[in-house]
Amino acid sequence: MNIIRQLSIKSMSRNKTTTFVTIIGIIMSLALMTGLFLFANGLIDFFRQDVAVRDGDLHIHHQLMSAAELETLSHRDMLEKEVRLPYLGAYPNDSEHFVYTVLLGIQPSDMEQSVPLRASRGRLPEAEGEAVISQSVNSFRDEPIEIGQTITLDIYQPSNYYIHETDNQYEPIPGGITLTIVGEAGNRLPYPMNGPTIFVHQTPEQVAEGELFWAGFRLKDVSDASIETFTEDWEMANWGTTSLATYYQGVSSGLSFFVKSFAMVLVVIVAIAGIGLIQNGFLISLSQRMQELSILSSVGMTRRQKWRMAVTEGGLMYLIGLPFGILSGFLAMWIVFQVLTPMMQRLFDTPAFMRLVWDWPTLLQIGVAGLVTVLIATIVPALRTSHTTPLAGVKQQEEITLTPKKLKSPGFIRKLFGMEGDLAWKNLQRNKRKYRGTLVSLIFSLVLYLSLASLMHYSDIANQVAMSQGRDDVIVYFYNTPFDQSVRDKARDIFAVDGVREGYAINTLYGTADNQGGLTAKTQELINPTEVPTDIVTFDEATLNQLLEQWGMTRAEMSGKAVLVNHYRYQAEDRSYQQEKLYQQPPTELTITFWGQNGDWEQTVPIGHVVDQPLEIYDAWYPGASLIMIPEDFEQISANGPENVIIEIRLMTEPARHVQAVEEVSELLSQITFSAAINDQRANQRSMSDLILIAKILFFGFATVIALISLANIYNSLMSSLQFRRQEFAMLRSVGMEEKSFRRMIRFESYFYALKLLIWSIPIGLGTSYLMHWYLTRVVDMAFGIPIRHFVIATVIVISILLLIMNLGSRQARKGNILDELKLHVS
Amino acid sequence: MNILEVKNLSKHYGQGETLVKALDDVSFSIEKGDFVAIIGPSGSGKSTLMHLIGGVDQPTSGKVFIDGQDIYQLSEDNLAIFRRRQVGLIYQFYNLIPILNVEENLKLPLLLDRQKIDQGQFQSLVEQLGLTDRLNHLPNQLSGGQQQRVSIGRALIYSPAIVLADEPTGNLDSEASQEIIRLLEDSNQKYNQTIVIITHDERIAMRAKRVLTMKDGQVVRDERVRR
Ligand SMILES: Nc1ncnc2c1ncn2[C@@H]1O[C@H](COP(=O)(O)OP(=O)(O)OP(=O)(O)O)[C@@H](O)[C@H]1O
Ligand SMILES: [Mg+2]
């Protein structure tokens, strides 16, 4: 072994803790990089699986190829799979966009993987002569095709199968085609079904006889280059890549590129933290060896040799860290994926799963990223080493540069904190440069933590805001229907569904009243000066009876009159929600104008009662009036213009039976004749929470590891600085400093350090928090709020960690034999 | 009156074959106001004795009384307080705190005790040490002799019961050495300060009132200097 390597190893084993902590830091950095790459790969793979299940496993499609062209395909060796759907004919449509409906042959095996059809009604074709229609087929037919029907279609061979040409010539195909329509394919495939299509069952023999095909290809290796090579002879307009193809790494433009870039940004963040740590570790071990280095240079070690020594040290630590780092990255991600998969499956409604996807190029990338990190981290220490002069080590370099001005402490420090505080202050000043790197990396990780905490805080709020608009689990909307008996019956049926705990109906007829004055000042600011949004609202019987009881009214008293809810909520400029009274002097009647398809119409409603409180179950979410009426009156008025009515059936379900309840409600809705929609709030909330949880796991995991790296860094620098000062500590004790004072001094040093750290981090953290809020409010409305809890946690953690390390590090100096400590040569 | 009493003091390092008796059953006493020089060959146990008297090391056996107090009976903290009030220690090397300036280094025992200092007394001490225009300097900006004068000043500032100096002139030329000794002599004469000094320099030893000679961890000679 040569002397340089020997020296490196010796010094590494002498500075055991520093070396150890530095290696731990390298391992963490590498693990985090590995994790990020694996996560990026896993995510891309997840979506690739998902897209393959939804849209098929093909990468390239060609809309029209002849049998001959397919036979003479120039790059067949690049293919993993080829799918042919023969064109069987077409019939013209009365539409400019989709000039005909196409009949495509398909083999059952291709329906599974390559062109996955999902039967939304009926089933998929299983035998010869069976076919499914795509959803749009019937919208182009005067006479809809029924499922189960056997139908003979007149079909033609168009002169051109391109969809958008109108000057086609049609060659009738004799005898047409007779098919049994067994179902409807519900999923919208981006290809080949972008027009109305009838998929007809084919046997392999039938496909082999085909002349013209829609063809799809799955490549062995997917990249921009391979796609270009494969398609080089084709005309641009005839082929395209599938959405699946964009989920490959080598394919630019697309999700994989985005995910990879994002991962790279994070890798750079990790690298920065890693560089901070490793560099600091080296600097420490070098400064502890100044004397030795200067002796080495005085006996004739050249600059290059010293440089090589420092780099060797870095290289050795890297080599030790590499396997552990990569392995722990794999292990950690394996665990993360186990947790994430069920959530992601629920969230994206897919059978796809997160798995460890790796290849040698990826591992190589990680290795290189790690090596670059370590090398960058060694440059400064190596330079400093190679510049060590024989003299520099004899006197401690840093001590030489001390000046009284640098160490000046403000007078109040000593007054307030005594001698110990003064000493602590001076020490921080002395170590300013040494601590700078540590400080920056700590500030960096603290800000990162605070920003992520804010982000999560806001996402939580956003989710809550979105959900607070209703405490209901399911909302069913009916449109364009008067509130008549059939609707009431339907609502009753829905309330009776098993699993529905509670339900009520809110029926609103939207209109406006002329502004007759009497509004509160705030309202006047908020609304259009000439008209006041005024809606007529009614509820189901049970709910209405409750309200009547609350108001102390009878049904008879309400007949022909309205109860004015003189109260509304609105969103203030700062995006917080406020409440306000509407009329200062409520009117005795209101004339409301409703919009109608056959011209506007008016209705005058007398007001029998005014409530100044929001109704618990209903409140206007904009400045305006709500007039509550009994259902009969509502029905009568809304009959004039049902297009202004929205009926909301709000349901609260029992959690355990929520899913069945939603299914049953959907079933009930499929039987009605008017428009309806169902909004499963609970499912929305659940997937939103899942998404937030996933983000939380990832972000906090990431922030934690970065924080750990910084922690290792601060541990190293504090320990070394304390180590370096042992002699000085012994002198203080020898002159008569008691342990109590000593502890005080160390404590002050920790506080000052923490203070410095927080003075930087908290404003920056708040700044990023505010920026994030500003950015997010463009998407979701919410008030600005500081995640105080996280700021407190961060502060407490920082102070405790500093105290802990400082205490640990000064233990020996505090307890050890003064004389032994004094005799220590700083080396 | 005896300000210092050393009784059967021993300090052993190592065990068995490697046993070193750095100090071997030493007993003697020193009167208040005495000026004692300890001489002896290198490795004879001078520094060891001095550290034990100063309360910065633990003896293997034996006792040290200062002003009648058995110092090794004291708790750690009380021993620290004892050191800052009753002992002025000057080491062979490394005496000053690098981040404190000359003034602060001088006043350190007082500052640790939260004591106000008599400014007049301080000024005259500084003048005597010749450090008037160096008060704001840091140790790294001082010469070796100046640094040593600061440590002497620090040892004297609290008027301790006893000042212990381990070769305070070790690294200095003879002129600077004379100056240091003069300082110690002055304080011995003016304030009746008890001083124990270790030295290799015969001429310095001769300026003391009493000379103890050590060899192999024992005091082999104890003589009064006649002038
Ligand atoms: N920590 C230690 N471990 C082992 N032996 C020690 C230790 N410290 C001192 N010694 C030994 O004790 C003996 C006395 O040492 P001491 O430092 O007291 O000598 P000294 O008289 O001051 O010498 P010098 O004039 O060279 O300073 C020496 O033989 C030394 O080797
Ligand atoms: Mg000695």
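A short tour of the structure in this document, coming up. Nothing here was measured: the structure is a model prediction, and the numbers come from that model.

## Examining the overall build of chain A
- Scanning chain A from terminus to terminus reveals 25 helices and 24 strands.
- Evaluated residue by residue, chain A yields a buried proportion of 52% over its 827 residues.
- Of the contacts formed within chain A by residues at least 6 apart in sequence, a portion of 81% connects residues at least 24 apart.
- Just so you have it, chain A exposes about 38100 Å², and 58% of that area is on carbon and sulfur atoms.

## Examining the interface of chain A and chain B
- Counting from both sides, the interface comprises 32 residues of chain A and, opposite them, 29 residues of chain B.
- Summed over both sides, the interface between chain A and chain B buries roughly 2800 Å², with carbon and sulfur atoms accounting for 62% of that surface.
- The interface formed by chain A and chain B holds three salt bridges in total.
- In this structure, the salt-bridge partner of Lys426 of chain A is Glu104 of chain B, at a minimum N-O distance of 2.7 Å.
- Where chain A meets chain B, there are eight residue pairs in polar contact (both at pLDDT 80 or more).
- Sorting the residues of the side of chain A that touches chain B by element identifies α12 (397–400), α13 (411–430), α22 (726–734), α23 (739–776) and α25 (818–823) of chain A as the ones contributing at least two each.
- In terms of residues, the side of chain A that touches chain B owes the most to one element, α13 of chain A, which gives nine residues.
- In terms of residue class, the side of chain A that touches chain B is made up of 13 nonpolar, seven polar and 12 charged.

## Some words on the sheet that holds strand β5 (residues 69–70) of chain B
All names here are of chain B.
- A sheet is described by the order of its strands in space; here four strands give the open sequence β2-β1-β4-β5, paired in antiparallel fashion. Among the strands making up the open sheet, the edge pair consists of β2 (20–31) and β5.
- In this structure, strand β1 (residues 2–13) lies alongside β2, joined through eight bridges in antiparallel fashion. Among the inter-strand pairings, Leu9 is bridged to a residue of β2, identified as Val26.

## Brief notes about the site of ligand 1
- Residues in close proximity to ligand 1 total 14 residues, the closest being Ser42, Gly43, Lys46, Ser47 and Thr48 of chain B.
- In this structure ligand 1 sits where residues from chains A and B come together.
- At 3.2 Å from an oxygen atom of ligand 1 is found a main-chain nitrogen or oxygen belonging to Ser44 of chain B.
- The contact in question runs from an oxygen atom of ligand 1 to an N or O atom on the side chain of His200 of chain B, over 3.5 Å.
- Relative to its free-state accessible area of 640 Å², ligand 1 is covered by the protein chains to the extent of 66%.

## Some details on helix α6 (residues 174–191) of chain B
Residues and elements named next belong to chain B.
- Here α6 spans 25 Å end to end across 18 residues, near enough to the 26 Å set by a 1.5 Å rise per residue.
- Listing the buried residues of α6 in full gives Ser177, Ile180, Ile181, Leu183, Leu184, Glu185, Ser187 and Asn188.
- Looking at the buried side of α6, the elements it contacts are β3 (35–39), α4 (119–129), α5 (144–156), β7 (162–166), β8 (194–198) and α7 (202–206).
- Positive phi shows up at Asn192, right after α6, with a value of about 55 degrees.

## Quick word on empty space enclosed by the protein
- Throughout the structure, instances matching the rule amount to three cavities of 30 Å³ or more.
- Ser734 and Val735 of chain A together with Arg83, Arg84, Val87, Gly88, Leu89, Pro109, Arg154, Ala155, Tyr158 and Pro160 of chain B are the residues that line the largest cavity.
- At the level of secondary structure, the elements contributing two or more residues to the lining of the largest cavity comprise α2 (76–86), β6 (87–90) and α5 of chain B.
- With three residues, the single largest contributor to the lining of the largest cavity is β6 of chain B.
- Split into classes, the residues belonging to the lining of the largest cavity amount to seven nonpolar, two polar and three charged.
- In this model, the second largest cavity occupies a volume close to 80 Å³.
- For the second largest cavity, the full set of lining residues is Arg733, Met737, Glu738, Glu739, Phe742 and Arg814 of chain A together with Glu76, Asp77, Ala80 and Arg83 of chain B.

## So, the sheet that holds β6 of chain B
Residues and elements named next belong to chain B.
- With mixed pairing, the six strands of this open sheet are ordered in space as β6-β7-β8-β3-β9-β10. In the strand order of this sheet, the two ends are held by β6 and β10 (218–224), each with one partner. Going across the sheet, the axis of each strand differs from the next one's by a mean of 15 degrees, ignoring polarity.
- Judged from the four bridges that link them, β3 and strand β9 (residues 210–215) form a sheet pairing that is parallel. Residue pairing across strands places Ile39 opposite Thr213, the latter belonging to β9.
- Running at roughly 150 degrees to β7, helix α1 (residues 46–54) makes contact with β3, β6, β7, β8 and β9 of the sheet.

## Details of the nonpolar core
- Membership of the largest hydrophobic core comes to 80 residues, with the highest contact counts inside it found for Leu4, Phe28 and Ile66 of chain B.
- Among the elements that take part in this core, α23 of chain A stands out by supplying nine residues, more than any other.
- Sequence-distant contacts of Ile66 of chain B, that is, excluding residues within four places in its chain, are made with Ile3, Leu4, Ile53, Ile71, Phe82, Val87, Ala161 and Ile162 of chain B.
- Counting 77 residues, the second largest nonpolar core, distinct from the first, contains Ala40, Ile269, Ile366 and Leu448 of chain A.

Thresholds applied
Residues numbered from 1 in each chain as written. Chains lettered and ligands numbered in written order. Predicted model: local features only at pLDDT ≥ 70, side-chain atom pairs only at ≥ 80, totals over all residues. Heavy atoms only, no water. Helix = DSSP H or I, 4+ residues; strand = E, 2+ residues; numbered from the N terminus. Buried < 20%, exposed > 50% of the residue type's maximum accessible area, 1.4 Å probe, protein only. Contact = heavy atoms within 4.5 Å. Areas by Shrake-Rupley, 256 points an atom, 1.4 Å probe, with all protein chains shown as cover. Buried area = accessible area lost by both parts, 1.4 Å probe. Salt bridge = Lys/Arg side-chain N within 4 Å of Asp/Glu carboxyl O. Polar contact = N/O pair within 3.5 Å; in protein donor to acceptor, adjacent residues only side chain to side chain. Nonpolar A, V, L, I, M, F, W, Y, C, P; charged D, E, K, R; others polar. Pairing = 2+ DSSP bridges. Near = heavy atom within 4 Å. Expected span 1.5 Å × (residues − 1). 1 Å grid on protein atoms, 1.4 Å probe; cavity = no way out; pocket = protein on both sides within 12 Å on 5 of 7 lines; lining within 4 Å. Points joined across faces, edges and corners; volume = space filled by probe spheres on them. Axes fitted to C-alpha atoms, helices over the stretch in contact; angles between N-to-C directions. Core = buried A, V, L, I, M, F, W, Y, C linked by side-chain atoms within 4.5 Å.

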